[in-house]
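This is what each chain is made of:
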Amino acid sequence: MASLLRIQDDDRYILVHSPYRPDSYGPPGGVIKYHPAARPALDRLRFREELRVDQRMRSDLRGFLPGRALPGFVRWFDRQEDRESALECVRRELAEELAEIDHPKLAVGIDRLHFTHVRHVVDGPLKVPGRPYRVVRLFDIWDLSLDTPEGIRLRDALTALASDPSDRGVLVATADDIVHGRRQRSYLAPHAAYLMGESRFHADLPPLNS
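Residues numbered from 1 in each chain as written. Predicted model: local features only at pLDDT ≥ 70, side-chain atom pairs only at ≥ 80, totals over all residues. Heavy atoms only, no water.

Caption draft 1: Region of the structure containing unusual backbone geometry. Note the cis peptide between Gly124 and Pro125, where omega equals 5 degrees. You can see Pro125 is positioned in strand β8 (residues 115–127). The phi angle at Asp102 is positive, at roughly 70 degrees, despite the residue not being glycine. One can find Asp102 in the loop between α3 (86–100) and β8. Taking relative accessible area as the criterion, Asp102 reaches 64% and is therefore assigned exposed. Although it is not a glycine, Gln184 sits at a positive phi angle of roughly 55 degrees. Position of Gln184 among the secondary structure elements: in the loop between β11 (182–183) and β12 (186–188). (Helix = DSSP H or I, 4+ residues; strand = E, 2+ residues; numbered from the N terminus. Buried < 20%, exposed > 50% of the residue type's maximum accessible area, 1.4 Å probe, protein only.)

Caption draft 2: View of α3. Counted at 1.5 Å a residue, the expected span for α3 with its 15 residues is 21 Å, and the 21 Å between its end C-alpha atoms agrees. What α3 keeps buried is the set Ala86, Cys89, Val90, Arg92, Glu93, Leu94, Glu97 and Leu98. Directly after α3, the chain includes Asp102, whose backbone phi takes a positive value near 70 degrees. (Expected span 1.5 Å × (residues − 1).)

Caption draft 3: Representation of the packing of aromatic side chains in the model. Taken as a whole, this structure holds five aromatic pairs when the rule is applied. Taking 6.5 Å as the distance between ring centres and 85 degrees as the angle between the ring planes, the aromatic pair formed by Tyr34 and Phe47 counts as edge-to-face. A residue pair is termed long-range when its members are at least 10 positions apart, and Tyr34 in the loop between β5 (29–31) and α1 (39–44) and Phe47 in the loop between α1 and β6 (48–49) qualify at 13 residues. Relative accessible area serves as the criterion here: at 8%, Tyr34 is assigned to the buried category. For Phe47, a relative accessible area of 6% corresponds to the buried category. Judged by centre distance (5.2 Å) and plane angle (75 degrees), the ring pair of Phe64 and Tyr133 falls under edge-to-face. (Phe/Tyr/Trp six-rings, centres within 6.5 Å; stacked < 30°, edge-to-face > 60°.)

Caption draft 4: Summary view of the layout of surface pockets. As a volume, the second largest pocket reaches approximately 330 Å³. Around the second largest pocket, the lining is made up of 17 residues, and of these Ala162, Val170, Leu171, Arg183 and Gln184 lie nearest the centre. Considering only residue class, the lining of the second largest pocket consists of seven nonpolar, four polar and six charged. (1 Å grid on protein atoms, 1.4 Å probe; cavity = no way out; pocket = protein on both sides within 12 Å on 5 of 7 lines; lining within 4 Å. Points joined across faces, edges and corners; volume = space filled by probe spheres on them. Nonpolar A, V, L, I, M, F, W, Y, C, P; charged D, E, K, R; others polar.)

Caption draft 5: Local environment of the environment of Val122. If you trace the backbone, Val122 turns up in strand β8. In this structure Val122 comes out as exposed when scored by relative accessible area, which is 53%. It is 8.2 Å that separates the C-alpha atoms of Val122 and Glu198, two residues lying 76 residues apart in sequence. Apart from residues lying up to four places away in sequence, Val122 is in contact with Arg137 and Leu138. (Contact = heavy atoms within 4.5 Å.)

The following block contains the structure:
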């Protein structure tokens, strides 16, 4: 259950480096977190968190549950109780990812950014090669609005970093790059396709913990 941020520079998309998939880049954003008060409801649904790569993934709405529990889980999620909102997730993830690429100062003024909802995507159920389960993902896609000085400044700063050959934290990809799945020597996360529409073109890249 995730929120992704679309930041465009003309017909190009700004992507950030993933610490869990070396040499790969994806949209800013990530998994929505649940609050402690949600634990009884999630226990009733037999929700079990995925093994964490690090403690920043604690309380992520990413895990396992019986297939028959999926409708109840979606109803709980849609009530928007005892969890982050999609916009809270975007702001938190953006700040965390700017720190991960060694540019935490770019998060100054993040509380003053505006976002516009683009689309809601249901991905799956999909078979996972070599695994005895299927995957379902829900994505909310948001545009960074350029109606504030902070929004324009962030877009311009990220675009400048993508043009700096000494900085590997940011990449600018065209729609053709995303369809191809590569930008020169870099892999592009398959879910980057949801910045453009409701269909993906490639299977998932395996994370470091698999």
